[in-house]
4 protein chains.
Amino acid sequence: MHHYRRSLYRILEISNGRRQGISLIFNLLLVTIITLNSIAIVLHTVPEYNQRFARLFYDFEFFSVVFFTIEYLLRIWVCVENELYRHWFWGRLRYIFSISGLIDFLAIFPFYFSLFATDLSIVRILRLFRIFRLFRMSRYSHAFRMIQRVVAEKKEELILSTILVIFMLIIVSSVMYYVEHAAQPDKFSSIPATMWWGVTAMTTVGYGDIHPITPLGKLLGGMTAIIGIGLFALPTGILVSGFNEHIRFHKTPLQNRCPHCGKEI
Amino acid sequence: MHHYRRSLYRILEISNGRRQGISLIFNLLLVTIITLNSIAIVLHTVPEYNQRFARLFYDFEFFSVVFFTIEYLLRIWVCVENELYRHWFWGRLRYIFSISGLIDFLAIFPFYFSLFATDLSIVRILRLFRIFRLFRMSRYSHAFRMIQRVVAEKKEELILSTILVIFMLIIVSSVMYYVEHAAQPDKFSSIPATMWWGVTAMTTVGYGDIHPITPLGKLLGGMTAIIGIGLFALPTGILVSGFNEHIRFHKTPLQNRCPHCGKEI
Amino acid sequence: MHHYRRSLYRILEISNGRRQGISLIFNLLLVTIITLNSIAIVLHTVPEYNQRFARLFYDFEFFSVVFFTIEYLLRIWVCVENELYRHWFWGRLRYIFSISGLIDFLAIFPFYFSLFATDLSIVRILRLFRIFRLFRMSRYSHAFRMIQRVVAEKKEELILSTILVIFMLIIVSSVMYYVEHAAQPDKFSSIPATMWWGVTAMTTVGYGDIHPITPLGKLLGGMTAIIGIGLFALPTGILVSGFNEHIRFHKTPLQNRCPHCGKEI
Amino acid sequence: MHHYRRSLYRILEISNGRRQGISLIFNLLLVTIITLNSIAIVLHTVPEYNQRFARLFYDFEFFSVVFFTIEYLLRIWVCVENELYRHWFWGRLRYIFSISGLIDFLAIFPFYFSLFATDLSIVRILRLFRIFRLFRMSRYSHAFRMIQRVVAEKKEELILSTILVIFMLIIVSSVMYYVEHAAQPDKFSSIPATMWWGVTAMTTVGYGDIHPITPLGKLLGGMTAIIGIGLFALPTGILVSGFNEHIRFHKTPLQNRCPHCGKEI
């Protein structure tokens, strides 16, 4: 029994770098099914395709849920092989509530919920969670983990940049509301409404549905766009220095020799 | 008396890294009140909420002003504990006119002014200053000071980039005015009016309310957008090198020693 | 015969840095003809010019195709001088199916195809491939190869960033579809239709033909723009660190010696 | 005579770092007049101000031209003090045709030309050149020269990035023309007309006056925006590595000691 569990664990989990034999085939299959699922969810909402391929969509949905349910239960069974979740009960519980465990659950939950729910609008919104299956693909990339590590190292600075953006957004939108409210009372109707303008201006999206028309508003709008670019240069700068640090410590071992004693550092 | 003042100073000021006991509780309370204030200022302008929660908004405003006033007076009282503002009179005066002192004053001033002002339009404009309460939160972040330092170190280059942007804006808008004025005399009515287009083009916002329609104007418009991106790459580049420098000098001193012989490299 | 082939090879191929005499003249001529061709293809679609200069366009097209055909055949003849394509048959076949060989073929193929094709709409689309002649100019730049190498070194990370963008696009568009579909069923008609909004929002293009109007949709739209800027900061960061690495390893070897004692640092 | 010329040269030229006494006062005056001139040129085009302050604008224009003319003649007289322009005739001629000499000439030339020209439309266009007076301010900044040097060092890569952008613009616009021409023949009327869309899409300006409506066109439009961001990440990356190089060699002298012999490098 334990032997089968260990073999199965090695097939399911690919994170330790072994990509050969059954494990590789299984994981390629999984990636294919997840990709096809995402395409199905997206095309499902096109009325034309939905009517024409209704049967196909339902069958593929049913097959996917069965496949993902079996895989989910097997993963809970074998997760105790991992050092992190070794205990037969608490380990499994912790795996269920880990990020990847929850994503796997959210990928199958909407289907079972829809069997009992009568209110269809709830079901439609829950179907959305199936898109989380996409995140499972993130397990398979080496470069993804590198980006993840850089983002994690610079978490504090990135969160701060976001807070700075929100600060500036509130301040700019408040000033713009008082400047432009009299000229366009229907568009700049309140500060929250003006914040929609603020976001489109600071991120330089500029849909054009709302923009200042008074000279003072335009001056402020121009300054906002320039400040916005400056603010969004901050996260870029932070990420760049993060990548540079990462590369300096991980990719340049040959140069890291002490010039005094010649040994590697 | 002096003993109480010192204790109070330690509770109010958190900048020296001590985050424990009453000091921590007080500062968390302050951050919460400032955040709630910002939300109240923003929601206050939504007519629906303003009518329904008029009483609540007024009460919270009153409570906040009383709280901030007491805090402001206490800060003036205890500021002499700080080396920078040691003199009992000149020190306190300098604290009042320091940046954080002025921000604290601007956070409570509009309320008191509105009690005596009869002209309501002035009151509305003054309400704007309440948004300065947001700036007070900037005291509490470590990463904020890091970003602040990088920006301060690169101040000269960043100001120059801004001047370059303004230069290019004036030149581009002037040329565009002469090119496009004949085709769209109502939109490109003058150089200042064209500068609104110039800002939306160079920052790539592009609301679409004003854009060239002649072939020559479109050629110039395309070049402007490309130049704009180049110009805004400058502050990004400056900030990035600023972050890199900061990290090189502040984060890696311990690693710059050979682990074998211990000498600095 | 072999002697002529070698001489011709040296004239046609400039990649080995020899830029003198006939070789230089020939290559300048080639660049000029390619540039004029591109201009002709672009101006050909302007009805006014097409009617007025119909004869000129046709003559230049005919001359270019003859020129490019002769050049193409000569290149196939002389390519065996290159170490990579040494075999008289397999080498030539491999050259024909190499990237630069295919581009050269695609530049002349549409003309010959149009002689036999009766369906004119197919011919019009095939003419498009002539624009590939532009890529041939890429042979002549040193800096181009530097950029190419940096992009190639960072290929994995850049592809991953693109995948991340596509992931985020699908997720954001799916959520937006369920949020905004009820309010604007004609614009946010399906997830694929919403993805058009998603792309314009994440890349901050913001044409304004489609944008959220509900408060929840606007909140999500603002977050999307901010996330989009963050995601597009990733490739910038990756490319920057790529350029830094490139410069560190390729441009500074001579400077890494102490000028006093001559030892490497 | 030569003594006066040398003194005057020291007053007029500030580039050698001496910023004291009359020289400083004169240069501050010059910057002020240039700034006021730029404001006058911009405000001159606002009909309201032009009518009300017509006299003031003319008088200031007259004063500026007289001032700049005297300054221009004096600069030509004293330029021989500079090592670069030492010869009494050829040196002065070379100064007149140097970049700063030409800018100074273009700043006064339109006024004198307008005295003789009868066709007013020519005069209006020539007035544009007065904006070049703004460039004269570039003489006075230290940081400007730093940015200038980084841009000059990376000239080759920046030009190549621009060429790459133009390449991609032509290719993307050509494909888009064939894709979208049938659906919107009035907007995507020719490849040059489509290039206007191409520029607004690649620079992410997105005015919204022209955008694809067919599914294939939208797919291509989305890809164009993503490619555009990637392309514009290149110059950012190039500039950043330029700034980093500059700082590494110019700002870190204390660390540049040979670890073997301890001497500065």
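As the structure is a computational prediction, the values presented were derived from the model and not from experiment.

Asker: How do you make sense of the overall build of chain A when you look at a structure like this?
Answerer: For chain A, the helix and strand inventory stands at 11 helices and 0 strands. The N-to-C order of helical and strand elements in chain A reads α-α-α-α-α-α-α-α-α-α-α. In chain A, which comprises 265 residues, the share counted as buried stands at 48%. In chain A, once contacts between residues fewer than 6 apart in sequence are set aside, the share between residues at least 24 apart is 61%. Approximately 13500 Å² of chain A is accessible, and the part contributed by carbon and sulfur atoms is 68%.

Asker: I keep staring at the environment of Ile-227 of chain A and nothing clicks. Help me out?
Answerer: By secondary structure assignment, the location of Ile-227 of chain A is in helix α11 (residues 215-250). Separated by 26 residues in sequence, Ile-227 of chain A and Ala-201 of chain A place their C-alpha atoms 9.8 Å apart.

Asker: Mind showing me how you'd approach the environment of Gly-206 of chain A here?
Answerer: The residue Gly-206 of chain A is located in the loop between α10 (191-202) and α11 in this model. For the pair Gly-206 of chain A and Leu-93 of chain A, spaced 113 residues apart in sequence, the C-alpha to C-alpha distance is 47 Å. Look past the residues within four positions of Gly-206 of chain A in its chain and what remains in contact with it is Thr-200 of chain A, Val-205, Gly-206 and Tyr-207 of chain B, Gly-206 of chain C together with Gly-206 of chain D.

Asker: Can you walk me through the relation of the copies chain D and chain B in this structure?
Answerer: One chain copy maps onto the other through a rotation about an axis and a shift parallel to that axis. Placing chain D over chain B gives an RMSD of 0.1 Å and needs a rotation angle of 90 degrees, together with 0.0 Å of translation along the axis. What we have between these two chains is a four-fold relation.

Asker: Would you mind going over the pattern of salt bridges with me for this structure?
Answerer: Note that side chains of opposite charge can pair when their charged atoms are close. Overall, the coordinates contain 28 salt bridges over all chains when judged by the stated rule. Taking the shortest distance from any N to any O, the salt bridge between Arg-86 of chain B and Glu-83 of chain B comes out at 2.5 Å. Its relative accessible area of 58% is what places Glu-83 of chain B among the exposed residues. Across the pair Asp-104 of chain C and Arg-75 of chain C runs a salt bridge whose closest N-O atoms are separated by 3.9 Å.

Asker: I keep staring at the interface of chain D and chain B and nothing clicks. Help me out?
Answerer: Interfaces are often sized by the accessible area lost when the parts come together. The interface of chain D with chain B comprises 38 residues on the first partner and 46 residues on the second. Note on chain D versus chain B: buried area summed over both sides is about 3800 Å², and carbon and sulfur give 76% of it. One can count 0 salt bridges joining chain D with chain B. Taken together, the connections running from chain D to chain B amount to 3 residue pairs in polar contact (both at pLDDT 80 or more).

Asker: When you look at the side chain of Ser-173 of chain B in this model, what are you seeing that I'm missing?
Answerer: All names here are of chain B. Along the chain, Ser-173 falls in helix α9 (residues 155-180). Taking the relative accessible area as the measure of exposure, Ser-173 reaches 0% and is therefore buried. Once residues within four sequence positions are removed from consideration, Ser-173 is found in contact with Ile-191, Thr-194, Met-195 and Gly-198.

Asker: Hey, could you run me through the nonpolar core in this one?
Answerer: For soluble globular proteins, the rule of thumb is that nonpolar side chains tend to be buried together. Core analysis: the largest hydrophobic core is formed by 74 residues, its most contacted members being Phe-243 of chain A, Phe-243 of chain B together with Phe-243 of chain D. The contacts of Phe-243 of chain A, once residues within four sequence positions are left out, are Met-146, Ile-147 and Val-150 of chain A together with Leu-234, Gly-237, Ile-238 and Ser-241 of chain C.

Asker: Looking at this structure, how should I read the confidence of the model for chain A?
Answerer: Detailed reading of predicted coordinates is not advised where the pLDDT is low. Residue and element names in this part refer to chain A. For chain A, the mean per-residue pLDDT works out to 79, and 80% of the residues sit at or above 70. Low confidence marks residues 252-259, where pLDDT is under 50. Its contacts with residues over four positions away, or in another chain, come to 19 contacts. Of the regions scoring below 50 in pLDDT, residues 261-265 engages in 20 contacts with residues more than four places distant in sequence or in other chains. This complex was scored by the predictor with a pTM of 0.82 and an ipTM of 0.81.

Asker: Would you mind going over helix α10 (residues 191-202) of chain C with me for this structure?
Answerer: One full turn of an α-helix is made of 3.6 residues, so residues set three or four places apart face in the same direction. Residues and elements named next belong to chain C. Under the 1.5 Å per step criterion, the end-to-end length of α10 is 15 Å for 12 residues, consistent within 8% with the ideal 16 Å. Residues Ile-191, Thr-194, Trp-196, Trp-197, Gly-198, Val-199, Thr-200, Ala-201 and Met-202 constitute the buried set of α10. With its phi angle positive at about 60 degrees, Thr-204 sits one or two positions after the end of α10.

Asker: In this structure, what is going on with the environment of Asn-82 of chain A? I would like to understand it.
Answerer: Residue and element names in this part refer to chain A. Secondary-structure assignment places Asn-82 in the loop between α4 (54-78) and α5 (90-96). By relative accessible area, Asn-82 is classed as partly exposed at 21%. With 13 residues separating them in the primary sequence, Asn-82 and Tyr-95 have C-alpha atoms 9.9 Å apart.

Reading the values: rules and limits
- Residues numbered from 1 in each chain as written.
- Chains lettered and ligands numbered in written order.
- Predicted model: local features only at pLDDT ≥ 70, side-chain atom pairs only at ≥ 80, totals over all residues.
- Heavy atoms only, no water.
- Helix = DSSP H or I, 4+ residues; strand = E, 2+ residues; numbered from the N terminus.
- Buried < 20%, exposed > 50% of the residue type's maximum accessible area, 1.4 Å probe, protein only.
- Contact = heavy atoms within 4.5 Å.
- Areas by Shrake-Rupley, 256 points an atom, 1.4 Å probe, with all protein chains shown as cover.
- Least-squares fit on C-alpha atoms with pLDDT ≥ 70 in both.
- Salt bridge = Lys/Arg side-chain N within 4 Å of Asp/Glu carboxyl O.
- Buried area = accessible area lost by both parts, 1.4 Å probe.
- Polar contact = N/O pair within 3.5 Å; in protein donor to acceptor, adjacent residues only side chain to side chain.
- Core = buried A, V, L, I, M, F, W, Y, C linked by side-chain atoms within 4.5 Å.
- pLDDT = per-residue confidence, 0-100.
- Expected span 1.5 Å × (residues − 1).

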